[in-house]
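Okay, here's what each chain looks like letter by letter:
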Amino acid sequence: MDMTKELNKWLELNMVVSIEEKEIISGYFNDYTLGNHIEGNCIRMYFDFKDRKKVDLIIKDFRNLFEIKEIKWSSIDRENWMKNWMKNFTPVNISDSVMIAPDWDSNKYESMHTVKIYPAMAFGTGHHASTQLIIEHMIKYNVGCFNSLLDLGCGSGILSFLAKKMGINNVKAIDIDPICKDNFYKNLELNKIDDIDFSIQDVHAFKDYNFDVILANIDKKNIIKIINKYEQYNSQSILIIAGLLNTDKNDILECIKTASVDSILGKDEWISMVIKR
């Protein structure tokens, strides 16, 4: 394909898989996918052309481990991607308390808090189980009654914006990916919020854990490092973690030495945990 044409297109990977395994399978591609849409037993993911060989290797490695009924590659014009989002993006209702809706949705919702986002391929939209679980924990622990919150790996900013809407005064948001900067600030403006301290940096280089609440919706490897620092700094924060599979649970429990798990919530193959002193 002509390189100029490639600049205006993304690769689209469609997979038909077992419903029980769809979330696990999609997780294998987190390092390379620009975004995905999961409906029923169908997974639709988007990639840069340069990552095609890497993705093919991932598929080759796990193909015999799961029930995969169909794999199909195609390309999609970037300008058509947003049209697909508008067609497929439905608002997310979490515990009848939080609604996550796209920027073009002008409906009025009765939920206590509505977070608006401008969809971007590389960042969260609230549809993933891990995002919903961490929000359920935010509701359960009534985080709005606290004064400060640290959002590690904030991405599109959904959790940070919700924290502000719930009543937290001091919110610090960090992400290592510079690409998320424009999307974060678009969403900040969309939600009429102007006082979140946002920075692009490695979450492991940030050493101030002196917050009432810490959120980390990342992955097992990075969460274990965060737990180690949480205990090393003797943090008194409520640590809410997600981005973990059921199969990660024992590894997380084993790495906790001086704190304790206060709550575990699960949805599909995913879990969220609350760690406290």
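Residues numbered from 1 in each chain as written. Predicted model: local features only at pLDDT ≥ 70, side-chain atom pairs only at ≥ 80, totals over all residues. Heavy atoms only, no water.

Participant: What is the right way to look at the nonpolar core in this model?
Facilitator: In a soluble, globular protein the nonpolar side chains are often hidden away together inside. Grouped together as the largest cluster of nonpolar side chains are 35 residues, with contacts concentrated most on Ile135, Met138 and Ile240. In this structure, Ile240 is in contact with Ile134, His137, Met138, Val143, Val213, Ile214, Leu215, Ala216, Ser272, Met273 and Val274, ignoring residues within four places of it in sequence. (Core = buried A, V, L, I, M, F, W, Y, C linked by side-chain atoms within 4.5 Å. Buried < 20%, exposed > 50% of the residue type's maximum accessible area, 1.4 Å probe, protein only. Contact = heavy atoms within 4.5 Å.)

Participant: What is the right way to read the side chain of Asp105 from this model?
Facilitator: Looking at where Asp105 falls in the secondary structure, it is placed in the loop between β6 (98-102) and β7 (113-117). No salt bridge forms around the buried Asp105; measuring N to O, its nearest opposite-charge neighbour Lys116 is 5.8 Å away. Apart from residues lying up to four places away in sequence, Asp105 is in contact with Pro91 and Lys116. (Helix = DSSP H or I, 4+ residues; strand = E, 2+ residues; numbered from the N terminus. Lys, Arg positive; Asp, Glu negative; His and termini not counted. Salt bridge = Lys/Arg side-chain N within 4 Å of Asp/Glu carboxyl O.)

Participant: What's the story with the sheet that holds strand β8 (residues 148-152) in this structure? I'm lost.
Facilitator: Two strands in a sheet stick together by hydrogen bonds in their backbones, pointing the same way (parallel) or opposite ways (antiparallel). Spatially, 7 strands are ordered β10-β9-β8-β11-β12-β14-β13 in an open sheet, and the strand pairing comes out mixed. Two strands in the sheet have a free side with no partner beyond their single neighbour: β10 (197-200) and β13 (260-267). Each strand axis lies, on average, 15° off the axis of its neighbour in the sheet, ignoring direction. Looking at chain direction, strand β9 (residues 170-175) and β10 are connected through 4 bridges and run parallel. Bridge assignment links Ile174 to a residue of β10, and that residue is Ser199. In the packing of helix α8 (residues 220-232) onto the sheet, the strands contacted are β8, β11 (213-217), β12 (238-245) and β14 (270-276), and the crossing angle to β12 comes to about 160°. (Pairing = 2+ DSSP bridges. Axes fitted to C-alpha atoms, helices over the stretch in contact; angles between N-to-C directions.)

Participant: In this structure, what is going on with the pattern of salt bridges? I would like to understand it.
Facilitator: In this structure the tally under the stated criterion is 8 salt bridges. For Lys172, the salt bridge identified is with Asp197, shortest N-O distance 3.4 Å. In this pair, Lys172 is assigned in strand β9 and Asp197 in strand β10, connecting sequence segments 25 residues apart. By relative accessible area, Lys172 is classed as buried at 9%. Ionic contacts of the salt-bridge type, sharing partners, join the residues Lys50, Asp51 and Lys54 into one network.

Participant: Just to check I follow, could you spell out unusual backbone geometry for this structure?
Facilitator: A negative phi holds for most residues other than glycine; trans holds for most peptide bonds. A positive phi angle, near 45°, is found at Asn142, a position not held by glycine. Along the chain, the position of Asn142 falls in the loop between α5 (129-140) and β8. Within the chain, Asn234 stands out as a residue other than glycine whose phi angle is a positive 55°. Looking at the secondary structure, you find Asn234 in the loop between α8 and β12.

Participant: Teacher, can you tell me more about the packing of aromatic side chains here?
Facilitator: Aromatic ring pairs are defined here through the distance separating the ring centres and the angle between the ring planes. Under the counting rule described, the total for this entry stands at 12 aromatic pairs. With 6.5 Å between their ring centres and 45° between their planes, Phe206 and Phe211 make a pair best called tilted. Judged by relative accessible area, which is 12%, Phe206 ranks as buried. Site record: aromatic cluster; members linked through ring pairs are Tyr28, Phe29, Phe47, Phe62, Phe66 and Trp73. (Phe/Tyr/Trp six-rings, centres within 6.5 Å; stacked < 30°, edge-to-face > 60°.)

Participant: What am I meant to see in the sheet that holds strand β1 (residues 9-17) here?
Facilitator: An order of β2-β3-β1-β4 is seen for the 4 strands of this open sheet, with the pairing classed as antiparallel. The sheet is open, and its two edges are formed by β2 (35-39) and β4 (68-77), each paired on a single side. If you compare each strand with its neighbour and ignore which way they point, the axes differ by 15° on average. Pairing of β1 with β4, which is carried by 9 bridges, proceeds in the antiparallel orientation. The residue of β4 that forms the bridge with Trp10 is Ile76. The sheet contacts of helix α3 (residues 52-62) involve β1, β3 (42-47) and β4, and relative to β4 the element is tilted by about 170°.

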